[in-house]
Amino acid sequence: MLKKFNKVLDELCYDYDEILERQKIKQEWVDQLREMSKISKFVPKIIDDKQLAIFVNGCNGNTERSSKWIHMNYKLRSTSPEFFANRRFDAPDVVDAFENQCFAVFPSTPNNHFVFYHCLLNYRPRKFNFDNAVKVFMMMGEAMIAKEGPRDGAIFLYDLNGSSFSHVFRPSIHSIKKGIDYLQSANPIHIKSIHILNSFWIMELIFAIIKPFVRKEFYDIIHLHPPGASLDKIFETDVPKSHMPCDLGGDLPPKIEYHYKTKKLIENFTEYFEIDDENTVLKLDQFVDSEDYKYRDKYS
């Protein structure tokens, strides 16, 4: 499997030397993370420098922090099959998500940040599945980072246009908590800001419910924008109009075009996800476990 995975990484993923230079990543940091990760029972043994570099970059070269971050990443993968199992382009839940929801990657900003977008295509509440949405959103992010290499951060745009009271209460608190845990404790890229567009009054209640398990520094990067609100602040600070689609007030083609491009991206990464998922599932038989090395599930 190792030879096959290396072939897939070479064909689909970013140029390693180029990213080391662009992101100012030192090879010694990647080597240190590899050694430190051997202690974790969750981090796969078959893991490439390109994958390790993403975590090193996300923690600004702090290998101690990177080792905790990558441990949490694979721990949550292993315990969250609703988000990480069977990540195939033709899997029923993935097909359902793409048919009823929009997932789009907009061009990276001049400040070297990814821009990930999500909204509903089908407004009927029974067609909204939160777990499917999280699964595909994470696949989108992982594929894009693997393709282009790590950047300085990411900006998330969640558009609630068409959402209702019924949509908000479809996901379980357990699923919401898992999704937040991943974003704030295991996501391999620094999140600069999260903008919730077309937010309505019920979101304040939701935020009150989730606040106990959201770290303050994560809570502070979330910004609510009510329906009809100007997006000028976003254009000024995070995503310029030149990098936003025309139906969100920008200069680019409509967001649906980027949705189709994202579908194609996920399809192109079919073999990558198949191998990576198999690698994760098999890990417990392959990895060293050490009781005297304790990770914190969260850290400041």
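Residue numbers restart at each chain and count upward from 1, following the sequence in its written direction. With pLDDT at 70 or above as the cut-off, local features in this predicted model cover only qualifying residues; side-chain atom pairs require 80 or more to be listed or tallied, and sums for whole chains, interfaces and linings still use all residues. Note: side-chain values were computed over all heavy atoms of the structure, leaving out hydrogens and water.

A. Region of the structure containing the overall build of the protein. Under the DSSP-based scheme used, a helix requires at least four consecutive residues in state H or I and a strand at least two consecutive residues in state E, with every element numbered from the N terminus. Scanning the protein from terminus to terminus reveals 15 helices and five strands. Over its C-alpha atoms the protein spans a radius of gyration of 19 Å, differing by no more than 12% from the 19 Å that the globule rule assigns to 300 residues. Referenced to the eigenvectors of the C-alpha coordinate spread, the extents of the protein come out at roughly 50 × 35 × 35 Å. Scored against the burial criterion, the 300 residues of the protein give a buried share of 55%. Look at the contacts in the protein between residues 6 or more apart in sequence, and 80% of them connect residues 24 or more apart. A total accessible area of about 13,900 Å² is found for the protein, and carbon and sulfur atoms account for 54% of it. Only C-alpha atoms enter the radius of gyration; for comparison, a globular chain is expected to reach 2.2 Å times N to the power 0.38, where N is the number of residues. For the exposure calls, accessible area comes from a 1.4 Å probe over protein chains only, and a residue counts as buried if that area is under 20% of its type's maximum, exposed if over 50%, partly exposed in between. Residue contacts are defined here by distance: any two heavy atoms, one from each residue, within 4.5 Å place the two residues in contact. What sets the accessible areas is the Shrake-Rupley method with a 1.4 Å probe; for residues, cover comes only from the shown protein chains.

B. A look at the sheet that holds strand β2 (residues 113–120). The strand order across the open sheet built from five strands is β1-β2-β3-β4-β5, with neighbouring strands paired in mixed fashion. Of all strands in the sheet, those bounded by a partner on one side alone are β1 (101–106) and β5 (222–225). The sheet shows a mean angle of 15 degrees between the axes of neighbouring strands, direction not considered. Between N-to-C directions, angles span 0 to 180 degrees; the directions come from axes that are lines fitted to C-alpha atoms, helices contributing only their stretch in contact. Docked against the sheet, helix α7 (residues 92–100) engages β1 and β2, running at close to 80 degrees with respect to β1. In the packing of helix α14 (residues 255–268) onto the sheet, contacts are made with β1, β2 and β3 (153–159), and the angle to β1 comes to roughly 90 degrees. We treat two strands as partners when DSSP finds at least two bridges between them.

C. Region of the structure containing the nonpolar core. In this structure, F116, F218 and Y272 are the most contacted members of the largest nonpolar core, which totals 80 residues. With eleven residues, the top contributor of residues to this core is helix α8 (residues 130–148). Residue contacts for F218: discarding those within four places in its chain leaves I180, L183, Q184, I191 and I194. For this analysis, a nonpolar core means a set of buried residues of the types Ala, Val, Leu, Ile, Met, Phe, Trp, Tyr and Cys, connected via side-chain atoms within 4.5 Å.

D. Examining unusual backbone geometry more closely. Although it is not a glycine, K24 adopts a positive phi angle of roughly 60 degrees. Despite not being glycine, N60 shows a phi value in the positive range, around 55 degrees. A relative accessible area of 68% places N60 in the exposed class.

E. Structural detail: the pattern of salt bridges. We count a salt bridge whenever a side-chain nitrogen from Lys or Arg sits within 4 Å of a carboxyl oxygen from Asp or Glu. Under the criterion given, the structure shown has 19 salt bridges. Linking D93 and K135 is a salt bridge whose minimum nitrogen-to-oxygen distance equals 2.9 Å. Of this pair, D93 sits in helix α7 while K135 sits in helix α8, placing them 42 residues apart in sequence. You can call K135 buried: its relative accessible area is 1%. Where salt bridges share partners, they join R77, R87, E142, D276 and D277 into one cluster.

F. The arrangement of the environment of E257 in detail. If you trace the backbone, E257 turns up in helix α14. Linking E257 and L52, residues 205 residues apart in sequence, is a C-alpha distance of 32 Å.

G. Just the confidence of the model for the protein, in detail. Scored between 0 and 100, pLDDT is the confidence that the predictor attaches to each residue. Across the protein, the average pLDDT comes to 88, with 93% of residues at or above 70. This stretch, residues 282–300, has a pLDDT under 50; its non-local contacts, to residues over four places away or in other chains, come to 41 contacts.

H. Fine view of helix α5 (residues 63–79). Multiply 1.5 Å by the residue count of a helix minus one, and that product is the helix's expected span. Counted at 1.5 Å a residue, the expected span for α5 with its 17 residues is 24 Å, and the 24 Å between its end C-alpha atoms agrees. The element α5 is extensively covered by neighbouring structure, given that twelve of its 17 residues are classed as buried.

I. Up close: the packing of aromatic side chains. Centre distance within 6.5 Å is the pairing criterion for rings of Phe, Tyr and Trp, where only the six-membered ring of Trp is used; planes under 30 degrees apart are then read as stacked, over 60 as edge-to-face, and the remainder as tilted. Taken as a whole, this structure holds 13 aromatic pairs when the rule is applied. Between Y272 and F273, the aromatic rings sit 5.5 Å apart at their centres with planes inclined by 80 degrees, giving edge-to-face as the arrangement. Assigned by exposure class, Y272 and F273 land together as buried. Grouping aromatic residues by their ring pairs yields a cluster made of F114, F116, F137, F156 and Y158. By definition here, charges over rings are those cases where NZ of Lys or CZ of Arg is within 6 Å of the ring centre and within 35 degrees of the ring normal. The ring of Y74 is capped by R77, whose NZ or CZ atom sits 4.8 Å from the centre of that ring. Positioned over the ring face of F114 is R151, at 5.5 Å from the centre of the ring.

J. Just the pairing of β1, in detail. Along β1, six of the six residues are buried, which leaves the element largely enclosed by surrounding structure. Neither face of β1 is exposed, since Q101, F103 and V105 on one face and C102, A104 and F106 on the opposite face are all buried. Both β1 and β2 contribute to a ladder of six bridges, which runs antiparallel. Among the inter-strand pairings, V105 is bridged to a residue of β2, identified as F116. Here β1 folds back onto β2 in antiparallel fashion, the turn holding six residues, of which N112 has a positive phi close to 70 degrees.

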